[in-house]
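Now for the letters of each chain:
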Amino acid sequence: MFSKTLLSLVVLAASVAAAVPSVSKRATCSNGKTTANDACCVWFDVLDDIQANLFHGGECGEDAHESLRLTFHDAIAFSPSLTASGQFGGGGADGSIMAHTADEIGDPANLGLDDIIEAQRPFAIKHNVSFGDFIQFAGAVGVSNCNGAPQIAFLAGRSNDSQPAPHGLIPLPTDSSSAILARVKDAGFSAVELVWLLISHTVGAQDKVDDSIPGAPFDSTPSDFDAQFFVETMINGTLVPGNGLHDGEVLSPYPGEFRLQSDFAIARDPNTSCEWQKMISNRANMLARFQQVMKKLSTLGFDQSTLTDCSDVIPVPTGTVRDPFLPAGKSMSDIEAACSSTPFPTLSADSGPVTTIPAVNLDS
Ligand code: HEM
Ligand SMILES: *[C@@H]1O[C@H](CO)[C@@H](O)[C@H](O)[C@H]1NC(C)=O
Ligand SMILES: *[C@@H]1O[C@H](CO)[C@@H](O)[C@H](O)[C@H]1NC(C)=O
Ligand SMILES: *[C@@H]1O[C@H](CO)[C@@H](O)[C@H](O)[C@H]1NC(C)=O
Ligand SMILES: *[C@@H]1O[C@H](CO)[C@@H](O)[C@H](O)[C@H]1NC(C)=O
């Protein structure tokens, strides 16, 4: 009896000791929220502030979309090949686009990002967090506001020091798919990872490629984290949505909808077309791949083991989305299937004639 009790005490003590390393930093923050690490508490304050005052009460609107776009433009200006040639190759997700905006906004690829950078910067300064951390946090929170989105990882602890990134490293919509594949390969991303990165365009619109139709979305459901972007980019383009075809734009299938030339090309490139199509047929895979690739993008230039995982601060997204469909007025015969090894999934079309896709409301 005595020895049995002693034994169970020993076992209990051993299991407590074993559990200690993983829970020792578990923290209850001053606002009562709990997180894996007390260093993450500050992010709950940032979360409440930006949901109320940057994302208009938690919307998946233009500011959320631009915040996601900004995560890419800060991070992808990172070139190991430039560094190997003896030049500064950029620091990755280091916040340089916010610290050196006057310089980096001069890169044509960053056209239109000044508004979101200026909107975000005061929040980063107010909460005394690094610009690199803030940009990736805002992008992850913005995504969480979209219906059916995955929860994006957030790692904190990027240094606030940065130098201006070299220009010319961020893909342009006028670039060929092979040029974009080569550029992202230099930054460490494979062809399929490029497709995973472009899942982002399911919650996107353009303002500047054709500035006569600001807010013209890339698919018919720009607040939904669904596969419609991958479906609708494969529909035969037949019309010009704005005041003419601009550089970086190709024909669109619906009035009001906008198709980037680069999305058109990557969707049809044999190196990426089958992965593109896979996004339509397997939603769980699409969500998991976006989580995977965003974690990689958001830590470009940093050693993940030196950062603190604060992913539990990112809200768990809500909302549901429809299964992939063809918007009204099109049929399977309008699909320009591009993957030679696998048939395009059979989709049903909404009834009725082709209708105009409404623009995303521009947040003020
Ligand atoms: C790889 C090649 C890519 C090219 C050439 C490209 C190009 C563009 C262009 C031209 C726009 C429209 C900008 C405007 O006129 O306002 C845009 C919007 C957007 N991009 Fe990309 N992009 C790429 C990849 C990415 C990636 C990897 C992400 C995020 C992970 C991203 C996120 C977005 C989002 C969310 C928008 C919508 C912004 C809004 O609605 O205001 N893009 N992209
Ligand atoms: C980060 O650097 C900027 C200047 O580039 C400065 O305004 C800001 O206060 C710094 N933030 C922190 C947390 O050090
Ligand atoms: C802001 O952050 C910096 C860098 O982490 C730190 O040195 C400084 O003490 C902080 N300032 C305030 C007011 O908390
Ligand atoms: C794309 O595929 C072609 C063959 O279809 C191949 O020759 C080329 O090297 C690939 N390009 C990239 C960047 O993967
Ligand atoms: C796309 O449209 C063009 C002209 O409108 C037509 O010639 C072509 O056959 C169409 N292709 C498909 C796949 O519908």
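Residues numbered from 1 in each chain as written. Chains lettered and ligands numbered in written order. Predicted model: local features only at pLDDT ≥ 70, side-chain atom pairs only at ≥ 80, totals over all residues. Heavy atoms only, no water.

## Digging into the site of ligand 5
Close to ligand 5 lie Asn 236, Ser 333, Asp 334 and Glu 336. Taking Asn 236, its side chain carries an N or O atom lying 2.2 Å from an oxygen atom of ligand 5. At 3.2 Å, a backbone N or O of Ser 333 approaches an oxygen atom of ligand 5. Notes on ligand 5: free accessible area 360 Å², of which the protein chains cover 36%. A breakdown of the residues in the shell around ligand 5 according to their chemical character gives no nonpolar, two polar and two charged. (Near = heavy atom within 4 Å. Polar contact = N/O pair within 3.5 Å; in protein donor to acceptor, adjacent residues only side chain to side chain. Areas by Shrake-Rupley, 256 points an atom, 1.4 Å probe, with all protein chains shown as cover. Nonpolar A, V, L, I, M, F, W, Y, C, P; charged D, E, K, R; others polar.)

## Details of the site of ligand 2
Neighbouring ligand 2 are the residues Ala 99, Asn 128, Val 129, Phe 131 and Asn 160. In this structure, an oxygen atom belonging to ligand 2 sits 2.3 Å away from a side-chain N or O atom of Asn 160.

## Quick look at the packing of helix α3 (residues 62-75) against helix α7 (residues 114-126)
Running from N to C, α3 and α7 point in directions that differ by 95°, and their axes come no closer than 10 Å. With respect to α7, the axis of α3 lies roughly perpendicular. Along the contact surface, α3 presents Asp 63, Glu 66, Ser 67 and Leu 70, while α7 presents Ile 116, Ile 117 and Gln 120. Its residues assigned to classes, the contact of α3 with α7 shows three nonpolar, two polar and two charged. (Axes fitted to C-alpha atoms, helices over the stretch in contact; angles between N-to-C directions. Helix = DSSP H or I, 4+ residues; strand = E, 2+ residues; numbered from the N terminus. Parallel < 35°, antiparallel > 145°, perpendicular 65-115°, else oblique. Contact = heavy atoms within 4.5 Å.)

## Comments concerning the packing of α3 against helix α14 (residues 283-298)
At their nearest, the axes of α3 and α14 sit 10 Å apart, and the two run at 45° to each other. Comparing the axis directions of α3 and α14 gives the class oblique. The residues of α14 that touch α3, namely those facing Leu 68, Thr 71, Phe 72 and Ala 75, are Phe 290, Met 294 and Leu 297. For the contact of α3 with α14, the residue count by class is six nonpolar, one polar and no charged.

## Overview of the nonpolar core
Within the largest apolar cluster, 90 residues are counted, with the highest numbers of intra-cluster contacts made by Ile 50 and Phe 137. Among the elements that line this core, the one with the most residues is helix α8 (residues 131-144), at eight residues. Those residues in contact with Ile 50, other than ones at most four positions away along the chain, are Phe 55, Phe 123, Phe 134, Phe 137, Ala 138 and Val 141. (Core = buried A, V, L, I, M, F, W, Y, C linked by side-chain atoms within 4.5 Å. Buried < 20%, exposed > 50% of the residue type's maximum accessible area, 1.4 Å probe, protein only.)

## Some remarks on the environment of Ala 36
Examined against the element boundaries, Ala 36 turns out to sit in the loop between β2 (34-35) and α2 (41-53). Exposure remark for Ala 36: the relative accessible area of 33% places this residue in the partly exposed category. If sequence neighbours within four positions are ignored, Ala 36 has contacts with Lys 25, Arg 26, Asp 309 and Asp 312.

## Here's the deal with the environment of Thr 318
With respect to the helices, strands and loops of the structure, Thr 318 is situated in the segment after β8 (308-309). When its relative accessible area of 60% is taken as the criterion, Thr 318 is described as exposed. Sequence-wise, Thr 318 and Gly 139 are 179 residues apart; in three dimensions their C-alpha atoms are separated by 16 Å. If we skip the residues at most four places from it in the chain, Thr 318 touches Cys 146, Asn 147 and Gly 148.

## What to know about the confidence of the model for the protein chain
Where the model shows low pLDDT, its predicted coordinates should not be examined in detail. On average, residues of the protein chain score 94 in pLDDT, and 93% of them reach the 70 mark or higher. Under a pLDDT of 50 for its full length, residues 1-24 has, in the predicted model, zero contacts with residues more than four places off or in other chains. (pLDDT = per-residue confidence, 0-100.)

## Notes on the state of the cysteines
Disulfides are covalent bonds that connect the sulfur atoms of two cysteines. A full pass over the atoms with the stated rule returns four disulfides. There is a disulfide in this structure between Cys 274 and Cys 339, and the S-S distance comes to 2.1 Å. Classification of the bridge connecting Cys 274 and Cys 339 rests on its S-S torsion, roughly 95°, and on that basis the disulfide is right-handed. Here Cys 274, found in helix α13 (residues 273-281), pairs with Cys 339, found in the segment after β8; they are 65 residues apart in sequence, far enough to count as distant. Given the relative accessible area of 8%, Cys 339 is considered buried. (Disulfide = S-S within 2.5 Å.)

## A closer look at the coordination of the iron atom of ligand 1
Coordination of the iron atom of ligand 1 by the protein involves just one donor, His 201 (NE2), at a distance of 2.1 Å. Residue placement: His 201 occurs in the loop between α10 (191-197) and β4 (205-206). (Donors = N, O, S within 2.8 Å, 3.2 Å for Na, K, Ca; no water.)

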